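# Chain and residue survey
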Amino acid sequence: MMNFRDSYKQQGKRQQLVDQIHEKGIHAQKVLQAINHIPRHLFMDSSFEDHAYQDKAFPITSGQTISQPYTVAFQTQLLDVQQGDKILEIGTGSGYQTAVLCLLKAKVYTVERQVKLYKKTKLLLEKLGFYPRQMTYGDGYKGWKEFAPYDKILVTAGAPQLPKTLLGQLKLGGKMVIPVGEKSQVMTTIIRRSATEFDKKTYGDFRFVPLVADRS
Ligand code: SAH
């Protein structure tokens, strides 16, 4: 990573945040280490920077949010990221989750619907030395066919229902983590068992900004 502001105070607060999410049930060491390593404050608007190490979501550009650290950790743990995994992320947003996946040495393909956010985040990730394989803007509801299939798919916005096209872009044995629901979302994992069979499991309730499907 390049030069950036990361004070001892911020590092100390970050360690406390890691302890908190550990207590809340995140046990994957690699995930905790990634949270400990990544300066979340640099992914936030400067007006919220002081709050970066609270376990809360905050507003970012274009009316979107940076997810709560616990949620990022929970989704990452469920995704069971292995070095070299080819991962499609829908909802780049601030790029914080993207940075976590990059740090875990995944090959990341990430899609953001808001062009302004896409541009801003692309620059930030470059500046910080995180390199997803590919980034684009557009409707991730349809996945990203060009590079499919993927070992894993991570959706970081609330899907009103399971997007069928996304299921089709999973490799056999591949796993998707997606919050499903309208007002609040049930964290859901899907494992592809065959061309037509999928195993579904559900976890707790979460709250995400909506996954918006563009009509075209
Ligand atoms: N992981 C991000 C989450 C941002 S919130 C972070 O922690 O910062 C979810 C993001 O999904 C928003 O930026 C929103 O613009 C984006 N989004 C919503 N619908 C989308 C779609 N159909 N395709 C791609 N991105 C979408």
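Here is a short report on the structure shown in this document. (Residues numbered from 1 in each chain as written. Predicted model: local features only at pLDDT ≥ 70, side-chain atom pairs only at ≥ 80, totals over all residues. Heavy atoms only, no water.)

### Observations concerning the overall build of the chain
Worth spelling out the cut-off: Helix numbering and strand numbering both begin at the N terminus, where a helix is a DSSP run of H or I of at least 4 residues and a strand a DSSP run of E of at least 2. Just to be clear, the radius of gyration here is over C-alpha atoms, and the globule rule we use is 2.2 Å times residues to the power 0.38. Burial classification: accessible surface area is computed with a 1.4 Å probe over protein chains only, and a residue below 20% of its type maximum counts as buried, one above 50% as exposed, and the rest as partly exposed. We call two residues in contact when some of their heavy atoms are within 4.5 Å. Areas reported here follow the Shrake-Rupley algorithm with a probe of radius 1.4 Å; residue values treat only the protein chains shown as occluding. His is not counted, nor are the chain ends, whereas Lys and Arg count as positive and Asp and Glu as negative. In plain terms, the charge of a residue is placed at NZ if it is Lys, CZ if Arg, CG if Asp and CD if Glu.
A tally of regular secondary structure across the chain gives six helices and nine strands. Relative to a compact globule of 216 residues, whose C-alpha radius of gyration would be 17 Å, the chain shows 16 Å and is just as compact. With respect to the three principal axes, the spread of C-alpha positions in the chain is 50 × 35 × 35 Å. Residues counted as buried form 51% of the 216 residues belonging to the chain. Partitioning the intrachain contacts of the chain with sequence separation of at least 6 by distance along the chain shows that 52% fall at a separation of at least 24. About 10800 Å² of surface is accessible on the chain, with carbon and sulfur atoms providing 49% of the total. The chain carries 31 positive and 20 negative side-chain charges, and their two centres are separated by 2 Å.

### Topic: helix H2 (residues 29-37)
Where we set the bar: Regarding the arc, it is the one traced by the directions from the helix axis to the C-beta atoms.
All buried positions along H2 are accounted for by Val31, Leu32, Ala34 and Ile35. Buried residues of H2, seen end-on, are gathered within an arc of 160° and therefore sit on one face of the element. Those residues of H2 that are buried are in contact with helix H1 (8-23), helix H3 (69-79) and helix H4 (96-103).

### What to know about the nonpolar core
The nonpolar side chains of a soluble globular protein tend to be buried, and buried together. Quick reminder of the rule: Put simply, buried Ala, Val, Leu, Ile, Met, Phe, Trp, Tyr and Cys residues joined by side-chain atoms within 4.5 Å make one nonpolar core.
Of all hydrophobic cores here, the largest spans 45 residues; its most connected members are Ile21, Ile26, Ile35, Phe43, Tyr96 and Phe130. Counting residues per element, this core draws most heavily on H3, at six residues. With residues up to four places along the chain from it excluded, the contact list for Ile26 reads Ile21, Val31, Leu32, Tyr70, Ala73, Phe74 and Gln77. Residues Ile90, Val155, Leu170 and Ile190 belong to the second largest nonpolar core, which totals 20 residues.

### Overview of the environment of Val100
Secondary-structure assignment places Val100 in helix H4. Along the sequence, Val100 and Asp85 sit 15 residues apart, while their C-alpha atoms lie 13 Å from each other. Every residue in contact with Val100, bar those within four places of it in the chain, is listed here: Ala34, Ile38, Val72 and Thr76.

### Section: the site of the ligand
Here is the rule: We define proximity as follows: a residue is near a molecule or strand when any one of its heavy atoms falls within 4 Å of that partner. In protein, a polar contact means a hydrogen-donor-capable atom and an acceptor-capable atom, both N or O and within 3.5 Å, with residues adjacent in sequence counting only if both atoms are side-chain atoms; elsewhere, any N or O pair within 3.5 Å suffices.
By nearness alone, 25 residues border the ligand, and Ser94, Glu112, Asp139, Gly140 and Val212 come closest of all. With respect to the ligand, the backbone of Arg113 contributes an N or O atom lying 3.2 Å from a nitrogen atom. Within the side chain of Thr156, a nitrogen or oxygen atom sits 3.3 Å from a nitrogen atom of the ligand. When the free accessible area of the ligand is taken as 580 Å², the share hidden by the protein chains comes to 99%.

### Considerations on the packing of aromatic side chains
Our working definition: Under the pairing criterion, centres of Phe, Tyr and Trp rings, with the six-membered ring standing for Trp, must be within 6.5 Å; the plane angle then separates stacked pairs below 30 degrees from edge-to-face pairs above 60, leaving the rest tilted.
Under the defined criterion, the tally for this structure stands at 12 aromatic pairs. Here the aromatic rings of Tyr109 and Phe147 are separated by 5.1 Å at their centres, their planes lie at 40°, and the arrangement is tilted. On the criterion of sequence distance, the pair formed by Tyr109 in strand S4 (residues 107-112) and Phe147 in the loop between strand S5 (134-137) and strand S6 (150-155) is long-range, its members being 38 residues apart. Residues Phe206 and Phe208 carry aromatic rings whose centres are separated by 6.5 Å and whose planes lie at 45° to one another, so their mutual orientation is tilted.

### Observations regarding unusual backbone geometry
The amide bond that connects Ala148 to the next residue, Pro149, takes the cis arrangement and shows omega of 5°. Position of Pro149 relative to the elements: it lies in the loop between S5 and S6. The backbone of Ser62 shows a phi angle near 60°, a positive value even though the residue is not glycine. Within the secondary structure, Ser62 is located in the loop between strand S1 (58-59) and strand S2 (65-66). For Ser62, a relative accessible area of 28% gives the class partly exposed. Positive phi outside glycine occurs at Lys105, with the angle close to 65°. The residue Lys105 is located in the loop between H4 and S4 in this model.

Geometric descriptors of this kind do not, in isolation, establish any biological role.
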